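Residue-level structure breakdown
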Amino acid sequence: MQEIYLDHAATTPVHPEVLRTMLPYYQDMHGNPSSMHRYGQRTRHVVDEARSVIARCLNAEPGEIIFTSGGTEADNMALVGIMEANQSKGKHLITSQIEHHAVLHTCEHLESLGYEVTYLPVDETGRVAVEDVERAIRPETVLISIMFGNNEVGTLQHVGKMGKLAQEKGVYFHTDAVQAFGIEEIDVKRLHIDLLSVSAHKINGPKGIGALYVRHGIKIAPYLYGGNQEKKRRAGTENVPGIAGFARAAELAMETRTERRDHYKMLRNIMLDVWNKQGVEYVINGHPELYMPHVLNVSFPGIKTDAMLMHLDLAGIAAASGSACTSGSLEISHVLRAMNLPDKRLESAIRFSFGYGNTEEQVREAAERIGHILMRDSVKR
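Residues numbered from 1 in each chain as written. Predicted model: local features only at pLDDT ≥ 70, side-chain atom pairs only at ≥ 80, totals over all residues. Heavy atoms only, no water.

With that settled, consider the sheet that holds strand E6 (residues 172–176). Spatially, seven strands are ordered E2-E8-E7-E6-E5-E3-E4 in an open sheet, and the strand pairing comes out mixed. Strand pairing shows two members of the sheet lacking a second neighbour, strand E2 (65–68) and strand E4 (116–120), which therefore form its edges. Strand-to-strand twist of the sheet, defined as the mean angle between neighbouring strand axes without regard to direction, takes the value 20°. Across five bridges, strand E7 (residues 195–199) lies against strand E8 (residues 210–214) in antiparallel orientation. If you follow Leu195 over to E8, its bridge partner there is Val214. (Pairing = 2+ DSSP bridges. Helix = DSSP H or I, 4+ residues; strand = E, 2+ residues; numbered from the N terminus. Axes fitted to C-alpha atoms, helices over the stretch in contact; angles between N-to-C directions.)

Spelled out as structure tokens, the structure:
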């Protein structure tokens, strides 16, 4: 039985070209970028070039890119760094109820330190209303943090409108673009974004490396203390193999973005078409038009999520109930709860996500296996 991986929103396999790019920096080119000798200067050049690559992907400047250990650290650095550095302005920030836990738990930490957080609701498609953002802004508001595209249901937000609103109100705007980077077109200047988080392992790069874009002129407190790396904004010896791999993964993602978007839409349609022909009962969760094409969240009424995931695994199909960070929990997704979906949809939701290596044949086979599983009485309540 062929195993079929449909959980690319959780993490992706490293692209062969990315792996080849990384290998020399574990062996011959192993110098510390902070060292003055030629070994260090060679790897310093690699880090500088990679910074330029990530900047180009976002229409940013190289000096605006801070390398981190991943999206979680980038989110933490953005929220904590901005709030700590701007306490004289205020101690209020705005976010949404469907953010990744890297943002939500950081907000909880800030609340424990005396900061105030407004958690905005979403509609049944998972979208935050720009009007709600505007109403939530106060004189003491420092930051708005709304994700670019949701990692569980794929819904895209009005990032450009929110960024412009924040700019007009004199408030900083951060977006967690970890799931959208490499899929959606992201121009930090056009979208009025002040801070943005990305991660390599979502785009067929290595785990343990990400970046935070911080617009020039923005004051941000350091999140880690130690050496002078990253212009004293993020201490610690740079992960040179990871940074090199991240840059190559980003290049590949940008080169193939349009092609991959079309491919993912086709895979999505193949899966739905198979189910329609099989007479499978399902409901799509998320926005019907404004979504990232590689994420498909569906509910199968009458089927328990945990039971379905077990049957999928036995059938050789990897899928998820929501964010990988909480997939070990049987709790219903906070994203779906915030969307106020009926209990039957909440209790039966599964996320399928497409990526590198998925073929039409694979997805058709997976959809057919899923249909056969759903036809069995043993999986129904």
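The next subject is the packing of helix H3 (residues 71–85) against helix H4 (residues 101–112). Direction vectors running N to C along H3 and H4 enclose 30°, while the axes themselves pass 9 Å from each other. The element H3 and its partner H4 pack so that their crossing is right-handed. Contact residues: Thr72, Asp75, Asn76, Leu79, Val80 and Met83 in H3; Ala102, Val103, Thr106, Cys107, His109 and Leu110 in H4. Considered class by class, the residues forming the contact of H3 with H4 number seven nonpolar, four polar and one charged. (Left-handed = near helix turned anticlockwise from the far one by under 90°. Contact = heavy atoms within 4.5 Å. Nonpolar A, V, L, I, M, F, W, Y, C, P; charged D, E, K, R; others polar.)

So, about the nonpolar core. In terms of nonpolar packing, the biggest core is built from 95 residues, with Leu58, Phe246, Met271, Trp275, Phe300, Phe352 and Ile370 touching the most fellow members. The element contributing the most residues to this core is helix H8 (residues 240–255), with nine residues. Residues contacting Phe246, with those up to four places away along its chain left out, are Ile54, Phe67, Phe181, Val198, Ser199, Ala200, Ile203, Pro206, Ile209, Gly210 and Ala211. In this structure, Val117, Val214, Ile218 and Ile220 belong to the second largest nonpolar core, which totals 22 residues. (Core = buried A, V, L, I, M, F, W, Y, C linked by side-chain atoms within 4.5 Å. Buried < 20%, exposed > 50% of the residue type's maximum accessible area, 1.4 Å probe, protein only.)

Moving on to helix H9 (residues 257–278). Look at H9: 32 Å from first C-alpha to last across 22 residues, which is about the 32 Å you get at 1.5 Å a residue. Arg257, Arg260, Arg261, Tyr264, Leu267, Arg268, Ile270, Met271, Leu272, Val274 and Trp275 are the residues of H9 that are buried. Close packing links the buried residues of H9 with H8, strand E9 (283–285), strand E10 (295–299), strand E12 (349–353) and helix H13 (360–375). Phi turns positive one or two residues past the end of H9, at Gly279, with a value near 80°. (Expected span 1.5 Å × (residues − 1).)

So, on to the sheet that holds E9. The sheet built from three strands is open, its strands ordered E9-E10-E12 with antiparallel pairing. At either margin of the open sheet sits one strand with a lone partner, and together these are E9 and E12. When strand polarity is set aside, the average angle formed by the axes of neighbouring strands in this sheet is 35°. The strands touched by H9 are E9, E10 and E12; relative to E10, the strand with the most contacts, the crossing angle is about 20°.

This paragraph deals with a nonpolar patch on the surface. A surface patch of nonpolar side chains, amounting to about 380 Å² of accessible area, comprises Val14, Leu19, Leu23 and Tyr26. The residue Leu23 is located in the loop between helix H1 (16–22) and helix H2 (38–58) in this model. (Patch = residues over 30% accessible without salt bridge, like charges linked within 9 Å, V, L, I, M, F, W, Y side chains within 5 Å. Areas by Shrake-Rupley, 256 points an atom, 1.4 Å probe, with all protein chains shown as cover. Salt bridge = Lys/Arg side-chain N within 4 Å of Asp/Glu carboxyl O.)

A separate point is the pairing of E8. Among the five residues in E8, five count as buried, and that is most of the element. Side-chain alternation along E8 places Gly210, Leu212 and Val214 on one buried face and Ala211 and Tyr213 on a second face that is also buried. Judged from the four bridges that link them, E2 and E8 form a sheet pairing that is antiparallel. In the strand pairing of E8, Phe67 is matched with Ala211.

To continue, consider the pairing of E10. Looking along a regular strand, one sees the side chains alternate between the two faces of the sheet. The buried count for E10 comes to five of five residues, which makes it a mostly enclosed element. What you see with E10 is no split at all: Val295, Asn297 and Ser299 on one side and Leu296 and Val298 on the other are buried throughout. Where E9 and E10 come together, three bridges link them in antiparallel fashion. Each residue of the ladder has a partner; that of Ile284, found in E10, is Val298. Across five bridges, E10 lies against E12 in antiparallel orientation. What sits directly across from Ser299, in E12, is Ala349.

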